[in-house]
Amino acid sequence: QESGGLFSTDVFDEYGDTIPPAQLLRRSIRRPPGAFSEISPSGEAVAMDEGDSLKPYEDDDAYLPSNQIAWYASQGFIGYQMCAVIAQHWLVNKACYMPGRDAIRHGYDITVNDGTEASPAALDKLAWLDKRYKIKKHALEFVHLGRVFGVRHALPIVDYGSPDATYAAWQKPFNIDGVRPNSYRGISQIDPYWITPELDGEAASNPSSLHFYEPTWWRINGHRIHRSHLIIFRNSEVPDVLKPTYFYGGLPLTQMIAERVYASERVANEAPALSL
């Protein structure tokens with residue numbers, strides 16, 4: 001059999017030999033140290049995923065047969081660029097797009113948080129603002145591309161007076177009291193390859209922390225933005241051991257269905273070819 005098969009069952013390296021299961025697992029779990037930052041108050045790296053958890057698979061008495069380990073391990077993260085490429089396919093795109101469209105098909109009612117009755121004039125104003133800031137469009141894009149990449153970041157843009165003041169406010173936890181009237185500018189959504197996670201010492205090293213392995217900041221355009229300023233959608237949460245691999249995002253739907261879509265399309269295309 002040739003190396004580089006088209007399916008996840010074809011787990012071969014460039015020499016045509018089966019890749020050792022432990023090596024495949026490392027490809028699926030481990031990330032290069034420079035891929036993201038984990039910092040302590042003293043500036044040292046303190047991530048908890050440095051220990052080698054693959055030792056049971058180094059020996060011949062593995063918990064599972066090697067071919068099964070290799071098959072599962074080969075289904076690791078494919079990268080955000082590849083997710084975007086696969087999402088061009090009509091069926092994959094439909095699977096990512098339809099749930100959000102169906103959820104928002106009939107629209108929604110605007111209400112006041114505390115349940116009080118709002119005046120018709122206030123509701124009309126909110127409806128106008130809703131259209132001005134394209135909330136329906138953003139909601140649809142948020143779910144659609146969140147399923148494509150497994151994660152989606154939406155940043156409400158607030159003008160704090162100057163760029164320096166805005167960047168300083170973004171680095172600190174969100175404070176509603178610091179938001180001035182008429183300072184809201186809209187929502188910006190960022191694809192995950194333009195954003196980098198950063199953890200403080202507590203989030204990176206203390207498993208009992210409420211925010212363990214949840215990035216404290218996300219670095220965008222060279223600026224730190226505290227997680228409380230962002231609205232983050234994850235398609236499917238992954239265990240802690242896999243979070244660095246997925247850059248603290250979720251499982252992309254494109255990755256989950258790519259092989260099955262490919263197989264079904266190949267079968268659908270072969271049938272007409274056979275009839276010629």
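Rules behind the numbers
- Residues numbered from 1 in each chain as written.
- Predicted model: local features only at pLDDT ≥ 70, side-chain atom pairs only at ≥ 80, totals over all residues.
- Heavy atoms only, no water.
- Helix = DSSP H or I, 4+ residues; strand = E, 2+ residues; numbered from the N terminus.
- Buried < 20%, exposed > 50% of the residue type's maximum accessible area, 1.4 Å probe, protein only.
- Salt bridge = Lys/Arg side-chain N within 4 Å of Asp/Glu carboxyl O.
- Axes fitted to C-alpha atoms, helices over the stretch in contact; angles between N-to-C directions.
- Left-handed = near helix turned anticlockwise from the far one by under 90°.
- Contact = heavy atoms within 4.5 Å.
- Nonpolar A, V, L, I, M, F, W, Y, C, P; charged D, E, K, R; others polar.
- Phe/Tyr/Trp six-rings, centres within 6.5 Å; stacked < 30°, edge-to-face > 60°.
- Core = buried A, V, L, I, M, F, W, Y, C linked by side-chain atoms within 4.5 Å.
- Pairing = 2+ DSSP bridges.
- Expected span 1.5 Å × (residues − 1).
- Bend = angle between axes of the 7 residues up to and from the residue.

Some remarks on the environment of Gly161
Tracing the backbone through its elements, the reader meets Gly161 in the loop between strand S2 (151-158) and helix H7 (163-171). You can call Gly161 exposed: its relative accessible area is 53%. A C-alpha to C-alpha distance of 8.5 Å links Gly161 and Ser183, two positions 22 residues apart in sequence.

Describing the pattern of salt bridges
Applying the stated criterion across every chain, the model contains 10 salt bridges. Across the pair Asp191 and Arg152 runs a salt bridge whose closest N-O atoms are separated by 2.3 Å. Here Asp191, found in the loop between strand S3 (184-190) and strand S4 (195-199), pairs with Arg152, found in strand S2; they are 39 residues apart in sequence, far enough to count as distant. With its nearest N and O atoms 3.4 Å apart, the salt bridge here joins Arg234 to Glu214.

Re the packing of helix H4 (residues 90-104) against helix H9 (residues 253-274)
For the pair H4 and H9, interaxial distance at closest approach is 9 Å and the crossing angle is 140°. Where H4 crosses over H9, the handedness of that crossing is right-handed. Facing H4, whose interface residues are Trp90, Leu91, Val92, Ala95 and Cys96, H9 presents Leu253, Thr254, Ile257, Val261 and Glu265. Of the residues in the contact of H4 with H9, the class split is 8 nonpolar, 1 polar and 1 charged.

Brief notes about the packing of aromatic side chains
Within this structure, the stated rule accounts for 12 aromatic pairs. When the centroid spacing of 4.8 Å and the interplanar angle of 45° are considered together, the rings of Phe77 and Tyr246 count as tilted. Linking Phe77 in the loop between helix H2 (66-73) and helix H3 (80-86) with Tyr246 in the loop between strand S7 (231-234) and H9, this pair joins segments that are 169 residues apart in sequence. For Tyr246, a relative accessible area of 3% gives the class buried. When the ring of Tyr213 is compared with that of Tyr248, the centres are 5.7 Å apart and the planes differ by 80°; the resulting orientation is edge-to-face. Highlighted residues: Tyr213 in the loop between helix H8 (201-205) and strand S5 (217-220) and Tyr248 in the loop between S7 and H9, separated in sequence by 35 residues. Under the relative-accessibility criterion, Tyr213 is labelled buried at 4%.

A word on the nonpolar core
By size, the foremost hydrophobic cluster in this structure holds 17 residues, and its most contacted members are Leu155, Leu199 and Ile225. Among the secondary structure elements, those contributing two or more residues to this core are S2, H7, S4, H8 and S5. Listed in part, the 14 residues of the second largest apolar core include Val92, Phe149, Val151 and Val238.

Some words on the sheet that holds S3
Read from one edge of the open sheet, 3 strands run S3-S2-S7, paired in antiparallel fashion. Every other strand in the sheet has two partners, leaving S3 and S7 as the edge strands with one partner each. Strand-to-strand, the axes of this sheet are offset by a mean angle of 15°, without reference to chain direction. Both S2 and S7 contribute to a ladder of 4 bridges, which runs antiparallel. Bridge assignment links Val151 to a residue of S7, and that residue is Arg234. Together, S2, S3 and S7 form the strand contacts of helix H6 (residues 135-149), whose direction differs from that of S2 by roughly 150°.

A look at H9
When the terminal C-alpha atoms of H9 are compared, their 32 Å separation across 22 residues agrees well with the 32 Å that a helix rising 1.5 Å per residue should span. The axis of H9 is deflected most strongly, by about 35°, at Glu259. Within the sequence span of H9, burial applies to Leu253, Thr254, Gln255, Val261 and Ala263. In the core, the buried residues of H9 are packed alongside H3, H4 and H6.

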